[in-house]
Amino acid sequence: MSARRKDRAEENNGFSEEQQERRSAEDQATSSSSATSNPEEPIIQNIPESVDDFLRNFLRRLGLTRTLSNFEVEWYSSTQTSSSFFIPDALTHRQILQKELDTVHRDTKLLQKEVLEAAQSLVRMQRERDFHRMQHQRVSEQKNSIIKDYKQLQEHLENYEVALKQLEEKNQAALRTKSLLGLQRERAQNLPESRLNQEKPKEKPAKKPLTQNFSRQPKIYRLQNPQLAPGKTNFQLSCSIRAHQQPISCIALHPSKLVLASASDDRTWKLWHLPQSGEKVGQMLLRGEGHSDWLSGCSFHPDGSKLATTSGDMTVRLWDFSLGRCVLTLTGHSQPTWGCSFHSCRHLLASCSADRTAKLWDVNSRCCRLTLRRHTASVNSITFLPSSDLLLTCSVDKTLIMWDARLGAGTATFCGHQHPCNHASFSPATHAVASCDSRGVINLWDTRKPASPTAAVDTGPQGANQVAFNQSGKLLAVASSDGLVRLVEVDACSVSSLTGHRKSVQSVTFDHEGGALMSAGSDGEINVWF
């Protein structure tokens, strides 16, 4: 300590009093800081050595030992407290700037490359735009040309519509004349003059008014000889007629001629001249359209000059063959109509509908005479007993009801089906009634004993769509949903099958003598079996 004080005294001799006071204050601060602080071994981090040496040498040269000691204390203490303190030199600063400059050069090159690619893409898109613009112009020119041609064709069509309409009317008139001439020619060929003379007086009783038929209790007229032969039981497919492009829902045979009517889902009905045994082609005679929905059934007028049709459009239409058009439209049902049948008096028509009712229409007065309400579900079929006032209906409610058409009251109810009934039919020669349901069960009934069926035949599990007796009442044809036509011998209840349809069979009927069988189905074909 004495040596230091001597040095200080010597140094103080060369300074003024104010400098000596400042020097003494610095010495006291240095002594206090050196006494209080005990710095550990300094840690140098990222401090260039040239700066440190330059400051030490400078302070020693000037003889500022205390300033040097204070500098060293503050220098190393600052490095301990702040590790991020850094005084770069010119070289380091240059290196940092050089790195940033290199980075900028790289980014510039990348941007130049992207600009070049963008310029190339722009040029390519401009070329594609020009190409598409030319294509659009070409398509627009073609469109304008097509529109111009279309307008010219439309003008030609309007000019030819009148001529086409006239030709179509002439064609329809020629077809009607041809069909009528064909029917007259067949009638002249098949019926001798003596038979024609005998049949003329027989036609007069049929012209009695309906009031005469309704003035007495209902009667059932049967054939004079009920002991008819069983008829033919084995049939072979003779020919197939491609009648419609869509499913056929019903077929009906002309009352006296080999002419068959077909009703289809394509909203049309057609008349076909049936081929004889050995012939392979059926000829279409007439075609009618006017319903706005699918056709469900058809029935010939007793004199064969008209046809009644039912449809999904909830109407019943009457068509006149001689006029070739619809002459009557009956509206009154609130749901699709399923079937129709003419009374033998010729001016009373019965229809059934999905609205759970059946209606009796007077075609002369064009009004509804009676509405039959007793079924609790859709009425699927309706048919008059030939030469009788009895009417038979079957329904989805699994029952059949026999009605008195004079009073509109049910006379008998047939209960026995376990599934919805699809169709029912009278036997033309006996008191039998046949009905079929959606599971293929065929029930045979006696109209005199309606309490229970006399026999049941199971042709399921596929549904049976329609049944038809032959003229003797001994053979029953069944249209099945499995594509088969089944033949049931009524007495023995034996079943045989005919294969010929590709889809479900919807309708069957026998010819007037029972020697031929016609069937139609969802494949749009009419098969003729001999």
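Residues numbered from 1 in each chain as written. Predicted model: local features only at pLDDT ≥ 70, side-chain atom pairs only at ≥ 80, totals over all residues. Heavy atoms only, no water.

Visitor: Please explain the packing of aromatic side chains as it appears in this structure.
Guide: For any pair of aromatic rings, the description rests on two quantities: the centre-to-centre distance and the angle between the ring planes. Applying the stated rule across the entire model yields 7 aromatic pairs. Ring centres of W269 and F321 lie 5.9 Å apart, and the angle between their planes is 50 degrees; on these two criteria the pair is classed as tilted. One end of the pair, W269, is in strand β4 (residues 268-273); the other, F321, is in the loop between β8 (315-320) and β9 (325-331), with 52 residues separating them in the sequence. Each of the two residues, W269 as well as F321, counts as buried. Residues F300 and F321 carry aromatic rings whose centres are separated by 6.1 Å and whose planes lie at 70 degrees to one another, so their mutual orientation is edge-to-face. Linking F300 in strand β6 (residues 295-300) with F321 in the loop between β8 and β9, this pair joins segments that are 21 residues apart in sequence. Connected via pairs of aromatic rings, a cluster forms that spans W269, F300, W319 and F321. (Phe/Tyr/Trp six-rings, centres within 6.5 Å; stacked < 30°, edge-to-face > 60°. Helix = DSSP H or I, 4+ residues; strand = E, 2+ residues; numbered from the N terminus. Buried < 20%, exposed > 50% of the residue type's maximum accessible area, 1.4 Å probe, protein only.)

Visitor: I tried to follow the side chain of S504 on my own but got confused; where do I start?
Guide: Along the polypeptide, S504 turns up in the loop between β25 (494-499) and β26 (505-510). Here the side chain of S504 touches Q506 through a polar contact of 2.9 Å, side chain to side chain. Setting aside residues up to four positions removed in sequence, S504 forms contacts with S480, S481, G483, G521 and S522. (Polar contact = N/O pair within 3.5 Å; in protein donor to acceptor, adjacent residues only side chain to side chain. Contact = heavy atoms within 4.5 Å.)

Visitor: Would you mind showing me how to read a nonpolar patch on the surface here?
Guide: Where nonpolar side chains cluster on the molecular surface, the patch consists of L157, Y160, L164 and L167 and spans about 430 Å² of accessible area. Relative to the helices and strands, L167 resides in helix α5 (residues 90-190). (Patch = residues over 30% accessible without salt bridge, like charges linked within 9 Å, V, L, I, M, F, W, Y side chains within 5 Å. Areas by Shrake-Rupley, 256 points an atom, 1.4 Å probe, with all protein chains shown as cover. Salt bridge = Lys/Arg side-chain N within 4 Å of Asp/Glu carboxyl O.)

Visitor: What exactly am I supposed to notice about the nonpolar core here?
Guide: Within soluble globular proteins, side chains that are nonpolar generally end up buried alongside one another. A261, W269, L271, C298, F300, L307 and F321 are the most contacted members of the largest nonpolar core, which has 15 residues in total. Only β2 (248-253), β3 (259-264), β4, β5 (283-289) and β6 provide two or more residues apiece to this core. Excluding anything up to four places from it in sequence, F300 contacts A252, L253, H254, P255, V259, A261, L271, K306, L307, F321 and F342. (Core = buried A, V, L, I, M, F, W, Y, C linked by side-chain atoms within 4.5 Å.)

Visitor: How do you make sense of the UniProt feature "repeat: WD" (unreviewed entry) in the protein chain when you look at a structure like this?
Guide: Here, UniProt's "repeat: WD" (unreviewed entry) annotation points to residues 241-274, 288-329, 330-365, 372-413 and 498-530. With 0% helix and 59% strand, residues 241-274 has its two end C-alpha atoms placed 9 Å apart. For the annotated span residues 330-365, helix accounts for 0% and strand for 56% of the residues, and the straight-line distance between the end C-alpha atoms is 11 Å. (UniProt positions renumbered as here; feature names shortened; annotations may be inferred.)

Visitor: I'm lost on the sheet that holds strand β14 (residues 379-384) in this one. Help?
Guide: By definition, the strands of a sheet pair up through backbone hydrogen bonds, in either a parallel or an antiparallel sense. Spatial strand order, β14-β15-β16-β17: 4 strands in an open sheet with antiparallel pairing. In this open sheet, the two edge strands, each paired with only one partner strand, are β14 and β17 (409-415). On average, adjacent strands in this sheet sit at an angle of 20 degrees to one another, irrespective of strand direction. Relative to strand β16 (residues 399-404), strand β15 (residues 390-395) runs antiparallel, the two being bridged by 5 bridges. (Pairing = 2+ DSSP bridges. Axes fitted to C-alpha atoms, helices over the stretch in contact; angles between N-to-C directions.)

Visitor: So what exactly am I meant to see when it comes to the confidence of the model for the protein chain here?
Guide: Low pLDDT means the predicted coordinates in that region are not meant to be read closely. Predicted confidence across the protein chain gives a mean pLDDT of 82, with 78% of residues reaching 70 or more. Counted against residues more than four places away or in other chains, residues 1-6, with its pLDDT under 50, gives 0 contacts. (pLDDT = per-residue confidence, 0-100.)

Visitor: I keep staring at the pattern of salt bridges and nothing clicks. Help me out?
Guide: Note on pairing: side chains with opposite charge can pair once their charged atoms come close. Under the definition given, this model contains 9 salt bridges. When the shortest N-O distance is used, the salt bridge between D130 and R129 registers 3.3 Å. Residue D130 is classed as partly exposed on the basis of its relative accessible area, which comes to 34%. On the basis of relative accessibility, which here comes to 43%, the residue R129 falls in the partly exposed class. Ionic pairing is found between R502 and E525, a salt bridge with its closest N-O pair at 3.4 Å. In this pair, R502 sits in the loop between β25 and β26 while E525 sits in strand β28 (residues 525-529), placing the two residues 23 residues apart along the sequence. A residue is classified by how much of its surface remains accessible, and R502, at 58% relative accessible area, is exposed.

Visitor: Help me understand the state of the cysteines, please; the structure alone is not making it clear to me.
Guide: Covalent bonding between the sulfur atoms of two cysteines is what defines a disulfide. Under the counting rule described, the total for this entry stands at 0 disulfides. Left unpaired, C352 is separated from the closest cysteine sulfur, that of C394, by 7.6 Å. Taking the relative accessible area as the measure of exposure, C352 reaches 0% and is therefore buried. (Disulfide = S-S within 2.5 Å.)

Visitor: I keep staring at unusual backbone geometry and nothing clicks. Help me out?
Guide: Outside of glycine, negative phi angles account for most residues, and trans bonds account for most peptide bonds. P461 follows G460 through a cis peptide bond whose omega is 10 degrees. Of note, P461 is situated in the loop between β21 (455-458) and β22 (464-469). The backbone of S387 shows a phi angle near 55 degrees, a positive value even though the residue is not glycine. Structurally, the position occupied by S387 is in the loop between β14 and β15. S387 sits in the partly exposed class, given a relative accessible area of 37%.

Visitor: Could you clarify how one ought to interpret the sheet that holds β22 in this entry?
Guide: Reading across from one edge, β22-β23-β24-β25 is the order of the 4 strands in this open sheet, with antiparallel pairing throughout. Looking at which strands have only one partner, the edges of the open sheet turn out to be β22 and β25. On average, adjacent strands in this sheet sit at an angle of 25 degrees to one another, irrespective of strand direction.

Visitor: Help me understand the UniProt feature "coiled-coil region" (unreviewed entry) in the protein chain in this model?
Guide: Taken from the UniProt record, the annotation "coiled-coil region" (unreviewed entry) applies to residues 143-177. A distance of 48 Å separates the end C-alpha atoms of residues 143-177, which is 100% helix and 0% strand.

Visitor: Please clarify how the environment of I241 should be interpreted in this entry.
Guide: Mapped onto the elements, I241 comes out in strand β1 (residues 237-242). Between the C-alpha atoms of I241 and G282, which are 41 residues apart in sequence, the distance is 6.3 Å. If we skip the residues at most four places from it in the chain, I241 touches W272, P275, G282, G524, E525 and I526.

Visitor: What is the right way to look at the pairing of β16 in this model?
Guide: Walk down a regular strand and you will see the side chains alternate between the two sheet faces. In terms of burial, β16 is a largely internal element, 6 of the 6 residues being buried. Residues T399, I401 and W403 line one face of β16 and the alternating positions L400, M402 and D404 line the opposite face, and both faces are buried. In textbook terms, the turn of a hairpin is the stretch between consecutive antiparallel strands, and for β15 and β16 this stretch comprises 3 residues, one of which, K398, has a positive phi near 75 degrees. Relative to β17, β16 runs antiparallel, the two being bridged by 6 bridges.

Visitor: Explanation requested: the environment of R346 in the structure shown.
Guide: If you trace the backbone, R346 turns up in the loop between β10 (337-342) and β11 (348-353). A residue is classified by how much of its surface remains accessible, and R346, at 28% relative accessible area, is partly exposed.

Visitor: I tried to follow the environment of M284 on my own but got confused; where do I start?
Guide: With respect to the helices, strands and loops of the structure, M284 is situated in strand β5. As for M284 and W272, which are separated by 12 residues in sequence, their C-alpha atoms are 4.4 Å apart.

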